[in-house]
Amino acid sequence: MTRKTRHTPATDAHAPAGLPVSRRAATFAIAAGLASLPSGFASAQAPSGRVTVVTSFSNDVTAPFKRAFEAAYPGVTLEVQNRNTNAGVRFVQETRSNNQTDLFWASAPDAFEVLKQANLLQQYRPNAPGIPERIGPYTINDPGGYYFGFAASGYGIMWNERYTRANRIPEPKEWIDLAKAEYFDHVIMTTPSRSGTTHLTVETILQGEGWEKGWRTLKAVGGSMRQITDRSFGVPDAVNSGQVGVGIVIDFFAFSAQAAGFPVKFVYPTVSTVVPANIGIIANAPNQAGARAFIDFVLSERGQTLLLEPAIRRLPVNPAIYARAPQGYPNPFTGSIGLPNFRFDVGVSERRYRVVDALFDQLITGQLEGLKRVTRAIHDVEARLARRANVEAAALVARARDAIAAMPITAEQAVSADITAAFRGGSGQNRAPRQAELEQQWSNFARDRHDEAQGLVAQAARLAG
Amino acid sequence: MGTVAAPAAPMAYGKAVVPRDWTWPQAVVAGGIGLFLLAFLVVPVANVVFVAFVDRASGGFTLVNFQDFLANDIFVRSFWNSIWVSAMCVVWGTAFALPLAYFTTRFQFRGAILVQTLGVVPLIMPPFAGAVAMQLLFGRNGTVNLLLGEWFDINIPFMEGLNGVVFVQAIHYFPFILLNVSAALRNIDRAMEESAQNLGASGFRLFRRIIFPLALPGYVAGAVLVFVKVFDDLATPLLLNVREMLAPQAYLRITSIGIDDPIGYVISVVLIAVSVGSMWISTLFVRGRDYATVQRGGGGLAKRMITGRDAIMAYGVIILILLLVLAPHFGLLLLSLATVWSFSPLPDGFTLRHYERVFFESGQYITNTILYAGLAGVICVVLGVAIGYLVMRTRVPGRHWLDYTAMTALAVPGVVIGIGYLRTYIGVKLPDGTSMAAFWFMIVLALAVRRLPYALRACTAALHQISRSLEEAAENLGATKGRTVRRILVPLMTGGIAAGFVTSFATASVELSATMMLVQRTSDAPLAYGLYVFMQSPAGRGPGAALGIIAVVIVAICTFLAHLLVEKDRAPADR
């Protein structure tokens, strides 16, 4: 569901956080002033007819909105086209010469950025009083006014209680818990190159813990993976059905599973992030008035309150709505999830977006078998060392862990012109490497480090006896 | 050219018998089909795939992307993995299909039509739902392994790695062999068998030396379809998280790195090349031999009675195979009736409310599916018969190109067709001003083009078994070419045509990838799209499975009717 489509890395910006906000503040003032009119300035031209929205959201989310919107605007029908984010972006791009779509409605901010860069979105000033500028480390709306956050979601850990009980796995709290021996072969996640939200989680860990330490955490957790899947929905699916015990997922997957009766639980780790889900008007939308009315509706108190429904369970962007939320509902505005002081550096994230994806794929996803083999060997030796300490063996294990954690490139290189250019379609001119060449180098690097670590652990195992 | 008419020698080689060149009507038909393929296959695909040959920096032509492919060990390993998996699927598919085909066509067998119908059902594995059901039954914590763990403390990795892919794919695609071999067996003249028996052959020897060789065109047609289909299939490896095969690599590159990433298309080009290559090898294999039997009055193998121990054995084998190959659908049925099913051998409870929800929300999905898949099936067999005829009975220049071009469709990923159609036809306006790409018939065309290879292979195999002398006789009696095709060829090909229609229809009814790009309005959407929408949420798993079961039932009914038609057709001859 949260698959992202990326065209060229040049278009890979997130909503840039640091851009001028004064204009937006002014927008709010105008909008708030107009709000005294029944339905804002959208009512200058009363909406009617069919409003077509392309969305990656499931029926559980869209159906309540469709019902409520159609009830609020008699005579208007909301035509919902479900497509995964990737296919949706592609569809809008391919149909631009004869556009029939009014709205794009999906999670991944980067998908909107791709559309915006391709001039496929149009500006609008929503009539939405009471919505602040930021949620967590993110600005809620695109500063250019092309798309608007309407809900937020956080990433965390979900587990199947029947599974964890049967396999005697403790309840996880933090990312690094998943690297423990108890979790070995019991965890599933989506690869960041296939899921914009997983990417943001990976990037958050890298920024929160630093490049070297962050990758160390990611690789340690990676060693516990049962599978690294390519479908975001594959993770909650596997956990719901009990095929895998623990999954790294976006919160609403877990909440809607709970609402459907599955025996699952969910926790937000301390280093976490909330990501806004967005909506925007497609350029040359055939039903302008309808599109505007729908955005205003989604951002209105009525629309925001719908987000609290058990089958939807997303975090409203209007802080006032949380007063109506049930007890214990996570509230990013009061810091009950995420790091309140953490500021996400959008610029860095944007520059190394594709590099981080490729590193994760080549070092972890593509080498999972070797990574798991050495991880299991380390767990074995550590279990023996716990019973009978051996300083020399412990030092070898530490060296093995260092070998696994080693990175082929530094944080500086990850944003260097040569490497980022390769991921923008450079073709090896001026002796700069091509993307395919870099990927092959990195995958070889990881394989060699895993072999090296395997050798060190084997020595440690002999010493540990 | 002129020397072909030399007498005597060519009699054994079907190809050389045709003494005359092509006629204008044939050329017109060939040209029409050529244009169709150009417009709805070649141009749209080329519009997308050209990226493989483009240098990303300069925009010029290059082969450097192919070098990168060969230099990357993941791609090379993926290539050999795909070859191995496909070959193993043919082996297992044969093991499933031959007993079913042989017993049901060869003997007086109670429930033969039912077995034939159930044998096709595995082909209809609804996207998402099928894999979820398989995991629930055979996964690491599926029914079977939970029970095994409880009783014997063992866990069998049915669904792990390449073996998991072989397991699922062999079950999924063996009906290609079943359908084509059954059709071929029915076309064998009983005189052949009787002669062999008169000469003392019986039992396995009879099968090995006479019956199987005569059915070889059908078997090869089915086997090569299985091979190519498994080679190109994307959904199963993806759902089992097997990444190191070619089709998933192509898909992952295109969808995560972007539509302009050349490597994704390099892989697509490799997929297409391997598919066409295997087709070509398979035609070489059956070419140069004569499978046609002249006498058609006997109408297929004699159906003999089967009694006593043999009957019990035969039923035993058939039931065992059916149990295994229908397991996914049994799982799907359980899922569609389940309240919650999580980490337990069976669901926590049962309910009918998923069906209720589906019937209220999804009526149009069902009618759309029957309409689209039915039309696609008809287009497939019409084109299949026409191309098969042109290739095997005429000398129209370029006829083999029609065949090869049509076959490439097998290897074109659905998403490439979908994007290609949008790209090519979005600017073309229909008389009422809407875009041609938004017209529902485009979905039908996309479905038909991708299934044309099935129908084409089935029709070609059927033609292989019909002796040319029957048509020559008709022509000698004054029938025109067109009349001969209508009154002689097509009726004799009924079995093959039905096999082609059933495979096209069944697979089209659950296709998602191309549909997903082309559906522009929920009211135009087929069932697979509805299924996708449901399966994206935990609460939708039950209704999604229910919709999947409905799809299976619809297709099974249509298949059953098609078999009835075939049987009825040959009933008088069989007496």
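Residues numbered from 1 in each chain as written. Chains lettered and ligands numbered in written order. Predicted model: local features only at pLDDT ≥ 70, side-chain atom pairs only at ≥ 80, totals over all residues.

Student: Could you give an account of the overall build of chain A, with specific residues and numbers?
Tutor: Each helix and strand in chain A was counted, giving 18 helices and 13 strands. When each of the 465 residues of chain A is scored for burial, the buried share is 57%. Excluding contacts between residues fewer than 6 apart, the proportion of contacts in chain A whose partners are at least 24 apart in sequence is 80%. (Helix = DSSP H or I, 4+ residues; strand = E, 2+ residues; numbered from the N terminus. Buried ≥ 20, exposed ≤ 12 C-beta atoms within 10 Å, placed from the backbone. Contact = placed C-beta atoms within 7 Å.)

Student: Let's hear about the overall build of chain B: which residues, and what values?
Tutor: A count of helical and extended segments in chain B gives 27 helices and zero strands. With the C-alpha coordinates of chain B rotated into their principal frame, the extents come out at 70 × 70 × 50 Å. Burial statistics for chain B: of 575 residues in total, 54% are counted as buried. Within chain B, counting contacts between residues at least 6 apart in sequence, those at least 24 apart form 80% of the total.

Student: Tell me what's going on with the nonpolar core, and back it up with residues and numbers.
Tutor: Formed by 248 residues in total, the largest nonpolar core has its most connected members in A:Phe294, B:Phe174 and B:Val226. In terms of residue count, the dominant contributor to this core is helix α21 (residues 441–464) of chain B (17 residues). Sequence-distant contacts of A:Phe294, that is, excluding residues within four places in its chain, are made with A:Val51, A:Val53, A:Phe69, A:Leu78 and A:Leu103. In terms of nonpolar packing, the next biggest core, distinct from the first, is built from 68 residues, A:Trp175, A:Phe252, A:Leu371 and A:Ala414 among them. (Core = buried A, V, L, I, M, F, W, Y, C linked by C-beta atoms within 7 Å.)

Student: Give me the lowdown on the confidence of the model for chain A, citing residues and values where you can.
Tutor: Confidence in the prediction for chain A averages 84 pLDDT; 88% of positions are at 70 or higher. Low confidence marks residues 1–44 of chain A, where pLDDT is under 50. Its contacts with residues over four positions away, or in another chain, come to 108 contacts. (pLDDT = per-residue confidence, 0-100.)

Student: A description of helix α14 (residues 368–387) of chain A should follow, citing residues and the corresponding values.
Tutor: An α-helical turn contains 3.6 residues, so a residue and the one three or four places further along point in the same direction. All names here are of chain A. The first and last C-alpha atoms of α14 sit 29 Å apart over 20 residues, in line with the 28 Å expected at 1.5 Å per residue. Buried within α14 we find Leu371, Val374, Thr375, Ile378 and Val381. Take α14 and look down its axis: the buried residues cluster within an arc of 130°, on one side only. Exposed residues on α14 whose side chains face more than 90 degrees from its buried face are Glu369, Ala383 and Arg387. Residues of α14 that are buried sit in contact with α7 (211–222), α13 (353–365), α15 (391–405) and α18 (435–464). (Expected span 1.5 Å × (residues − 1). Arc of directions from axis to C-beta.)

Student: I'd like to hear about the pairing of strand β1 (residues 49–55) of chain A, residue by residue, with values.
Tutor: Residues and elements named next belong to chain A. Of all seven residues making up β1, five are buried, and the element is well covered by its neighbours. As paired strands, β1 and strand β2 (residues 76–82) are joined by seven bridges and run parallel to one another. Within β2, the residue paired with Thr52 across the bridge is Glu79. Handedness of the crossover is the feature at issue here: the chain leaves β1, passes through helix α2 (residues 59–72), returns alongside β2, and the resulting connection is right-handed. By the bridge criterion, three bridges tie β1 to strand β3 (residues 103–106) in an arrangement that is parallel. Paired with Val54 across the bridge in β3 is Phe104. (Pairing = 2+ DSSP bridges. Right-handed = clockwise from strand over helix to strand, strands pointing away.)

Student: Describe in detail helix α20 (residues 414–425) of chain B, supporting the description with residues and values.
Tutor: For α20(B), which comprises twelve residues, the first-to-last C-alpha distance of 16 Å matches the rise-based estimate of 16 Å (1.5 Å per residue) to within 8%. Taken across its twelve residues, α20(B) has twelve buried, putting it largely inside the fold. Every buried residue of α20(B) is listed here: B:Gly414, B:Val415, B:Val416, B:Ile417, B:Gly418, B:Ile419, B:Gly420, B:Tyr421, B:Leu422, B:Arg423, B:Thr424 and B:Tyr425. Tucked inside the fold, the buried residues of α20(B) contact α3 (85–94) of chain A together with α1 (24–49), α14 (262–286), α21 and α25 (513–518) of chain B.

Student: Describe the packing of helix α4 (residues 112–120) of chain B against helix α8 (residues 175–187) of chain B, listing the residues and the values that go with them.
Tutor: Residue and element names in this part refer to chain B. Running from N to C, α4 and α8 cross one another at 145°; their axes reach a closest spacing of 8 Å. In this structure, the crossing between α4 and α8 has a hand that is left-handed. In this structure, α4 uses Gln116, Gly119 and Val120 to contact α8, whose residues at the interface are Pro175, Leu178, Leu179 and Ser182. (Axes fitted to C-alpha atoms, helices over the stretch in contact; angles between N-to-C directions. Left-handed = near helix turned anticlockwise from the far one by under 90°.)

Student: Mind laying out the interface of chain A and chain B, listing which residues take part and the relevant values?
Tutor: Counting from both sides, the interface comprises 54 residues of chain A and, opposite them, 47 residues of chain B. Counting residues per element, the ones that place at least two in the side of chain A that touches chain B are α2, β2, α3, α5 (161–166), β9 (225–229), α8 (234–241), α9 (251–259) and α18 of chain A. Here the side of chain A that touches chain B gets five residues from one element, more than from any other, and that element is α3(A). Looking at the side of chain A that touches chain B residue by residue, the classes come out as 15 nonpolar, 27 polar and twelve charged. (Nonpolar A, V, L, I, M, F, W, Y, C, P; charged D, E, K, R; others polar.)

Student: So what's going on with the environment of B:Ala273? Residues and values would help.
Tutor: All names here are of chain B. Summarising the element assignment, Ala273 is placed in helix α14. Since 12 C-beta atoms lie within 10 Å of it, Ala273 is described here as exposed. Sequence separation between Ala273 and Phe227 is 46 residues; the distance between their C-alpha atoms is 13 Å.

Student: Give a description of the domain arrangement of chain A that names residues and reports values.
Tutor: All names here are of chain A. Assigned domains of chain A: these are domain 1 (9–153 + 275–341) and domain 2 (154–271 + 348–464). With 19 residues of domain 1 at the interface, the matching set in domain 2 holds 21 residues. Residue composition of the side of domain 1 that touches domain 2, by class: ten nonpolar, four polar and five charged. (Domains from an automatic or database assignment.)

Student: Please set out the pairing of strand β10 (residues 246–250) of chain A residue by residue, giving values where relevant.
Tutor: All names here are of chain A. Across the five residues that make up β10, a large majority, five, are buried. On β10, burial covers both faces: Val246, Ile248 and Ile250 on one face and Gly247 and Val249 on the other are all buried. By the bridge criterion, two bridges tie strand β8 (residues 187–190) to β10 in an arrangement that is parallel. Each residue of the ladder has a partner; that of Val187, found in β10, is Val246.

Student: Lay out unusual backbone geometry in plain terms, naming residues and giving numbers.
Tutor: Residue and element names in this part refer to chain A. Non-glycine residue Arg168 carries a positive phi angle of around 50°. One can find Arg168 in the loop between α5 and β8. Within the chain, Asp185 stands out as a residue other than glycine whose phi angle is a positive 70°. By secondary structure assignment, the location of Asp185 is in the loop between α5 and β8. Owing to 16 C-beta atoms within 10 Å, Asp185 belongs among the partly exposed residues under this scheme.

Student: Any chance you could break down the packing of α8(B) against helix α24 (residues 494–508) of chain B for me, citing the residues and the numbers?
Tutor: Geometry of a packed helix pair, given as the angle between the helix axes and the separation of the axes. Residue and element names in this part refer to chain B. In the contact formed by α8 and α24, the axes pass within 9 Å of each other and the chain directions differ by 170°. One element, α8, and the other, α24, form an angle in the roughly antiparallel class. Note on packing geometry: the crossing formed by α8 with α24 is right-handed. Every residue of α24 that contacts α8 at Phe176, Leu179, Asn180, Ala183, Arg186 and Asn187 is listed here: Gly495, Gly496, Ala499, Val502 and Thr503. Here the residues of the contact of α8 with α24 are counted per class, giving five nonpolar, five polar and one charged. (Parallel < 35°, antiparallel > 145°, perpendicular 65-115°, else oblique.)

Student: Please give an account of the confidence of the model for chain B that cites residues and values.
Tutor: Detailed reading of the predicted model is not advised wherever pLDDT is low. Residues and elements named next belong to chain B. Across chain B, the average pLDDT comes to 81, with 90% of residues at or above 70. Within chain B, the element-level pLDDT minimum falls on helix α13 (residues 246–257), averaging 75, and the maximum on helix α16 (residues 327–337), averaging 91. Contacts for the low-pLDDT stretch residues 1–18, under 50 throughout, to residues beyond four places or in other chains number 13 contacts. A low-confidence stretch, residues 571–575 (pLDDT under 50), is modelled with four contacts involving residues beyond four sequence positions or located in other chains. Across the whole predicted complex the pTM is 0.79, and at the interface the ipTM reaches 0.75.

Student: Residues and numbers for the environment of A:Arg292, please.
Tutor: All names here are of chain A. On the secondary structure map, Arg292 appears in helix α10 (residues 288–299). For Arg292, a count of 27 C-beta atoms within 10 Å puts it in the buried group. Note: C-alpha distance between Arg292 and Val264 (28 residues apart in sequence) is 38 Å.

Student: I'd like a description of the environment of B:Ile312, backed by residues and values.
Tutor: Within the fold, B:Ile312 resides in helix α15 (residues 308–325). Each C-alpha atom, one on B:Ile312 and one on B:Val286, is 35 Å from the other, the two residues being 26 residues apart in sequence.

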